[in-house]
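The chain contents come next:
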Amino acid sequence: MSSLNIAFFSATKTDKNNFSPPLPTEITLHFFEEHLTPKTKNLTQGYDAVCVFVNDQLNAEVINALHQSNIRLILLRCAGFNNVDIKKAFDLGITVLRVPSYSPMAVAEHAAALMLTLNRKTHKAYNRVREGNFSLEGLMGFDLFSKTAGIIGTGRIGRQLIPILKGFGMEVLAYDPNPSTEAEKLGARYVSLETLYQQSQIISLHLPLLPETQHMINARAIAQMPQGVMLINTSRGGLLDTPAVINALKKRHIGYLGIDVYEQEENLFFEDHSEEIIEDDVFERLTTFPNVLITAHQAFFTQEAMTHIRETTLQNALDFKHQHINPVNCVQCES
Ligand code: NAD
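Quick caveat, the model's predicted, so the values are computed rather than measured. (Residues numbered from 1 in each chain as written. Predicted model: local features only at pLDDT ≥ 70, side-chain atom pairs only at ≥ 80, totals over all residues. Heavy atoms only, no water.)

Undergrad: I tried to follow the site of the ligand on my own but got confused; where do I start?
TA: Lining the immediate surroundings of the ligand are 23 residues, of which Arg-156, Ile-157, Asp-176, Asn-178 and Thr-234 lie closest. In the model, an oxygen atom of the ligand is placed 2.7 Å from a nitrogen or oxygen of the Asp-176 side chain. Between an oxygen atom of the ligand and a main-chain N or O atom of Ser-235, the distance comes to 3.3 Å. Its free accessible area being 870 Å², the ligand has 85% of it covered by the protein chains. When its residues are assigned to classes, the shell around the ligand shows 10 nonpolar, 9 polar and 4 charged. (Near = heavy atom within 4 Å. Polar contact = N/O pair within 3.5 Å; in protein donor to acceptor, adjacent residues only side chain to side chain. Areas by Shrake-Rupley, 256 points an atom, 1.4 Å probe, with all protein chains shown as cover. Nonpolar A, V, L, I, M, F, W, Y, C, P; charged D, E, K, R; others polar.)

Undergrad: What am I meant to see in the packing of aromatic side chains here?
TA: Within a pair of aromatic rings, the relevant descriptors are the distance that separates the centres and the angle that separates the planes. Across all of its chains, the model carries 11 aromatic pairs by this definition. Judged by centre distance (5.0 Å) and plane angle (15°), the rings of Phe-9 and Phe-32 are stacked. Of this pair, Phe-9 sits in the loop between β1 (4-8) and α1 (13-18) while Phe-32 is found in the loop between β2 (27-31) and β3 (49-52), placing the two residues 23 residues apart along the sequence. Overall, the relative accessible area of 12% leaves Phe-32 in the buried class. (Phe/Tyr/Trp six-rings, centres within 6.5 Å; stacked < 30°, edge-to-face > 60°. Helix = DSSP H or I, 4+ residues; strand = E, 2+ residues; numbered from the N terminus. Buried < 20%, exposed > 50% of the residue type's maximum accessible area, 1.4 Å probe, protein only.)

Undergrad: What should I look at first to understand the state of the cysteines in this one?
TA: Here a disulfide denotes one covalent bond, and it connects the sulfur atoms of two cysteines. In total, this model carries 1 disulfide according to the counting rule given. The partner cysteine of Cys-330 in its disulfide is Cys-333, sulfur to sulfur 2.5 Å. Here the S-S torsion is close to 80°, and the disulfide linking Cys-330 with Cys-333 is therefore right-handed. Note on Cys-51: no disulfide assigned, nearest cysteine sulfur contributed by Cys-78 at a separation of 9.0 Å. A relative accessible area of 2% places Cys-51 in the buried class. (Disulfide = S-S within 2.5 Å.)

Structural data, given as structure tokens:
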């Protein structure tokens, strides 16, 4: 039986290790370090499928090129699919399979790590102590106990965060257009978005980037939040109107910002740019604030999640080849 020839884009060293042999005999992977974009679309010629990640850009132009190359399968090694023109793929008969849930715990735990680090400034204390500076000046935090956290989006990840925050003794408010009884059982209380903004000292975003959620954290939303609010975003950078957030940081309205995602991250994240001049002035401004903590899209990055990504992606490829797709992993089956 001929093997399914897959062009694997945005391949890092970690990806190559994670997808190293033994592979199923019916699957061949060819690694490309490049992102799949309109500029690199011609690299897909001669393959049966593409395997992509969060910062590949599968817009209509790229999907048309895939179709012309006779590619009928897009394998996403992630859960989010905001970077794929799903309708175009559907219209052209291209199946899009993803890994809907590789480790919601990993992302929820990373959100908690950002909160704790920003609050207790352990990243600064680490450096100070190593330099023989044992001063506590500037390191004061606040008790999480009895404070209120607001979780926007109580899907797989948002729900995992509830017991973590309850464990600190926090009150947990939630907003989701599709409330879950499980979230309520875990101790979250659903409120309007307005109430969540007004009453939460910490706000954590766990909803998808959609046309209607793009830039939802804008000047109007921030104005409703309490002075000194902590904002955590491990979902997608486009949820924030970043210039409005920078403005609120300058006015001390946002007291802490922890982000694992950034709207223009595809030009930066997952690569070493340490020897270059970074030209993104908005990103560079963010890095200058002492109360901003940025990680480079690593919330998912645990051993368990990587194993799950490998297993589900390879199974998705085999399922497609044998024409019995798992509807849970099929993006178009959902829409
Ligand atoms: P999910 O689909 O299980 O849950 C998303 C929830 O958001 C759903 O309950 C949905 O009803 C809700 N929602 C939709 N529109 C909303 C709105 N306007 N306001 C409030 N809630 C809304 O998704 P998930 O697995 O929990 O993932 C959440 C997001 O996390 C993903 O969309 C992805 O962008 C991001 N993510 C990031 C990483 C990372 O490494 N940083 C890893 C995985 C996922």
